[in-house]
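Spelled out, the chains give:
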Amino acid sequence: MSVVAIKNVTKVFGETTALQGIDFVIQEGEFVSLIGPSGCGKSTLLRIIGDLIQPTSGTAMVNGKPARQARIDRDYGIVFQDAVLYDWRTVAKNIALPLELARWDRRRRAAKVNEMLGLVELGGFEDHYPWQLSGGMQQRVAIARALSFDPSLLLMDEPFGALDEMTRERLNMELLRIWEASGSTVVFVTHSIAEAVFLSTRVVVMSPRPGRISDVVTVDLTQPRTATTREEPRFFELVTAVREALHLGHDLEQAPA
Amino acid sequence: MSAIALERPRARAVAVRRGLGRAALFVLVGAALWGLWEGYRWLWMREHWTWPFLVTDTAMPHLHTIFQALWDPARPGGPRLISLLFHSALFTAKEAAAGFALGAVTGFALGCLLANFRMLQRGFLPWVVASQTIPIVVIAPMVVVWLNPKLPTGLQDWGAVAVIAAYLTFFPVTISTIRGLHSADRRALELMRSYAASEWRILWKLRVPAALPYIFAALKISATASVVGAIIGELPSSIQDGLGGQIINYSQYYTIQPTGLWATNVIAAALGIGFFLLVLLAEKLIVRRAPENLV
């Protein structure tokens, strides 16, 4: 069964058409990146999948249900560009937030928080407050929070966009490890071509005005990806393929209608 | 992790040094104010300047005589003035504390209500503002006349004063609660939506914690206002047991013994400062924020 099914989705904000005629399907266990220049509607698409905004027309299904029902059933976890941790909660309490909302009892929560701290390698930091952590660590807490209730789908909106290159590459590796360990499906919005290719099983290339899918690149790099994946010739070929698809989309935009 | 662990003792040393620095500054400013008072007094008396007023021992007693008066008997053979005023201050503190609690709770509840219903806010907020433009000396006697007959014996008189203090307390809390509840980050709200959290739980798990720094900023204003409210409230209800009663009493004897009124003012100020510090302490214990995000 498909985890995400987008059918003929269009989103209009006032005068602007943010998305037009989007169709695509994501299968269970995939890691799909949405890439494109600013204004191509990739974050909008992610929010439609999460039912944080509603499409003007068309349908978004998650796990075979309307996106709204999937949100109510807590089928997905979301990570934003900023960690969006609650300042007044410790690391452990931030991770436990969705569990509290799902009314898990205290003991189950504590056990799960411990497991998640191990998963994102933040053991020993449970009693720290967010502002006492580096940006990369904060983002790992956000990932732990998003995965704490075992959602089948993880939505990520440029989660590493605000981090330095070194931290970003390390977190990319960690994310892949977590993805394999949790077996969830990931939809990942990014600006970075290299990041999209390195992480994904498929890269959805989008172009702006109006936002639409201009190409889909299947990434056939061997799993699991390692530090040397970035040095493989195939990696460079795929990066080039995505770059060209992006430029093609850009040219389409320039061409007279 | 080790980096953060290492920072801890250093952070404590910095905090201690900062605390000492603050204490030194407090004493220094106090001494400067003292010097200003005495210097003004000395200069005006020497030059016999009459603008804005003629300085005499009655108009501006020596500061040390005011503090001296606290240790002298309030009347021949009676207790020391300070112990008399201390008991009055305790009585006023009871009224102010009850008024503060009542005002804070009312202010918060009203803020929550108005913040959640835009229509109510538009309709009611102007009236809430208007309520604060009526001088408290007008409201105070009415409150006493309305409430006193209805109050049980344990609350007689001082209960009405507490309500007057609450009237001065609730307004800043309401305004700041509304502001604070709307201060929650847009992403943080989206996160709550992604968890399908109900409005009620968003209120308690996100909006209220986000509003706390704003609410405490208001509570600090209200803490001192509640003391002023209690003192003013005592006047029309002719309560003799509090600082308000003492102020009336000593202002009648001002020309004979000006230090009495000044000493009462010192105690009233100390009470206000005490209330303020209690709220500050509560804030330190309750509000957890990045240092740069504290209001």
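Given the structure is predicted, the values throughout are model-derived calculations rather than measurements. (Residues numbered from 1 in each chain as written. Chains lettered and ligands numbered in written order. Predicted model: local features only at pLDDT ≥ 70, side-chain atom pairs only at ≥ 80, totals over all residues. Heavy atoms only, no water.)

J.: Kindly report on the confidence of the model for chain B, identifying the contributing residues and their values.
T.: Predicted confidence across chain B gives a mean pLDDT of 90, with 95% of residues reaching 70 or more. The ipTM, which scores confidence in the relative placement of chains, is 0.88 for this predicted complex, and the corresponding pTM is 0.84. (pLDDT = per-residue confidence, 0-100.)

J.: Talk me through the packing of helix α2 (residues 63-71) of chain B against helix α3 (residues 81-116) of chain B; I want residue IDs and the actual numbers.
T.: All names here are of chain B. Running from N to C, α2 and α3 point in directions that differ by 80 degrees, and their axes come no closer than 5 Å. It follows from the interaxial angle that α2 and α3 lie roughly perpendicular. Note on element contacts: α3 touches α2 through Leu81, Ile82 and Leu85, opposite Ala69, Leu70 and Trp71. Each residue belonging to the contact of α2 with α3 can be placed in one class, and the counts come to 6 nonpolar, no polar and no charged. (Axes fitted to C-alpha atoms, helices over the stretch in contact; angles between N-to-C directions. Helix = DSSP H or I, 4+ residues; strand = E, 2+ residues; numbered from the N terminus. Parallel < 35°, antiparallel > 145°, perpendicular 65-115°, else oblique. Contact = heavy atoms within 4.5 Å. Nonpolar A, V, L, I, M, F, W, Y, C, P; charged D, E, K, R; others polar.)

J.: Can you tell me about the interface of chain A and chain B, naming the residues and giving the values?
T.: Between chain A and chain B, the contact holds 28 residues from the first and 24 residues from the second. With both chains or domains summed, chain A and chain B bury close to 2,600 Å², and 60% of this area falls on carbon and sulfur atoms. The shortest N-O distance in the salt bridge between Arg47(A) and Glu190(B) comes to 2.7 Å. Summed over the shared surface of chain A and chain B, the number is 9 residue pairs in polar contact (both at pLDDT 80 or more). Listed by contribution, the elements that provide at least two residues to the side of chain A that touches chain B are α2 (67-72), β6 (76-79) and α3 (91-101) of chain A. (Buried area = accessible area lost by both parts, 1.4 Å probe. Salt bridge = Lys/Arg side-chain N within 4 Å of Asp/Glu carboxyl O. Polar contact = N/O pair within 3.5 Å; in protein donor to acceptor, adjacent residues only side chain to side chain.)

J.: If you had to explain the nonpolar core to someone new, which residues and values would you point to?
T.: Grouped together as the largest cluster of nonpolar side chains are 97 residues, with contacts concentrated most on Ile6(A), Leu34(A), Leu153(A), Val197(A), Val242(A) and Met192(B). Aside from chain neighbours lying at most four places away, what touches Ile6(A) is Ile22(A), Asp23(A), Phe24(A), Leu45(A), Ile49(A), Thr59(A) and Ala60(A). The next biggest cluster of nonpolar side chains, apart from the first, holds 52 residues, and it includes Trp37(B), Phe100(B), Leu125(B) and Val279(B). (Core = buried A, V, L, I, M, F, W, Y, C linked by side-chain atoms within 4.5 Å. Buried < 20%, exposed > 50% of the residue type's maximum accessible area, 1.4 Å probe, protein only.)

J.: How would you summarise the environment of Gln69(A) if you had to cite specific residues and measurements?
T.: Residues and elements named next belong to chain A. Considering the arrangement of structural elements, one finds Gln69 in helix α2. In this structure Gln69 comes out as partly exposed when scored by relative accessible area, which is 35%. With 18 residues separating them in the primary sequence, Gln69 and Asp51 have C-alpha atoms 8.8 Å apart.

J.: Pulling in residues and values, what's your account of the sheet that holds strand β8 (residues 185-190) of chain A?
T.: All names here are of chain A. Taking strand neighbours across the sheet as the criterion, the 6 strands line up as β6-β7-β8-β3-β9-β10 in an open arrangement whose pairing is mixed. Two strands close off the open sheet at either side, each with one partner strand: β6 and β10 (212-218). When strand polarity is set aside, the average angle formed by the axes of neighbouring strands in this sheet is 15 degrees. (Pairing = 2+ DSSP bridges.)

J.: Break down the packing of aromatic side chains for me, with residues and values.
T.: All told, the structure shown has 14 aromatic pairs over all chains when counted by the stated rule. Ring geometry for Phe149(A) and Tyr195(B): centres 5.8 Å apart, planes at 85 degrees, overall edge-to-face. On the criterion of chain membership, the pair formed by Phe149(A) in the loop between α5 (135-147) and β7 (153-157) and Tyr195(B) in the loop between α7 (186-194) and α8 (199-234) is interchain, its members lying in two chains. For the pair formed by Phe149(A) and Tyr195(B), the shared burial category is buried. Where Phe108(B) meets Trp204(B), the ring centres are 6.2 Å apart and the plane angle is 50 degrees; that geometry is what we call tilted. Taken together, the residues span a long stretch of sequence, with Phe108(B) in helix α3 and Trp204(B) in helix α8 at a distance of 96 residues. Taking the relative accessible area as the measure of exposure, Trp204(B) reaches 41% and is therefore partly exposed. A connected cluster of aromatic rings, assembled from ring pairs, spans Phe31(A), Phe160(A), Trp179(A) and Phe188(A). A cation over a ring is seen here: Arg108(A) above Trp104(A), with NZ or CZ 3.9 Å from the ring centre. The ring of Trp158(B) carries the charged tip of Lys94(B) above its face, separated from the ring centre by 4.5 Å. (Phe/Tyr/Trp six-rings, centres within 6.5 Å; stacked < 30°, edge-to-face > 60°. Lys NZ or Arg CZ within 6 Å of the ring centre and 35° of its normal.)

J.: If you had to explain the layout of surface pockets to someone new, which residues and values would you point to?
T.: Any empty space left between the atoms is revealed when a probe the size of a water molecule rolls over them. Residues and elements named next belong to chain B. Within this model, the second largest pocket holds a volume of roughly 600 Å³. Lining the second largest pocket we find 16 residues, and of these Phe26, Leu33, Phe67, Ala269 and Ile273 sit closest to its centre. Of all the secondary structure elements, the ones that give two or more residues to the lining of the second largest pocket are α1 (2-47), α2 and α10 (258-286). Considering each element in turn, the lining of the second largest pocket owes the most residues, 7 residues, to α10. Here the residues of the lining of the second largest pocket sort into 14 nonpolar, 2 polar and no charged. (1 Å grid on protein atoms, 1.4 Å probe; cavity = no way out; pocket = protein on both sides within 12 Å on 5 of 7 lines; lining within 4 Å. Points joined across faces, edges and corners; volume = space filled by probe spheres on them.)

J.: Go over the pattern of salt bridges, please, and point to the residues and values.
T.: A full pass over the atoms with the stated rule returns 22 salt bridges over all chains. Note that Glu174(A) is salt-bridged to Arg177(A), the shortest N-O span being 3.9 Å. Taken together, the residues span about one helical turn, with Glu174(A) and Arg177(A) both in helix α6 (residues 165-182) at a distance of 3 residues. The class of Glu174(A) is buried, set by a relative accessible area of 8%. Connected through shared salt-bridge partners, Arg47(A), Asp157(A), Arg187(B) and Glu190(B) make up one network.

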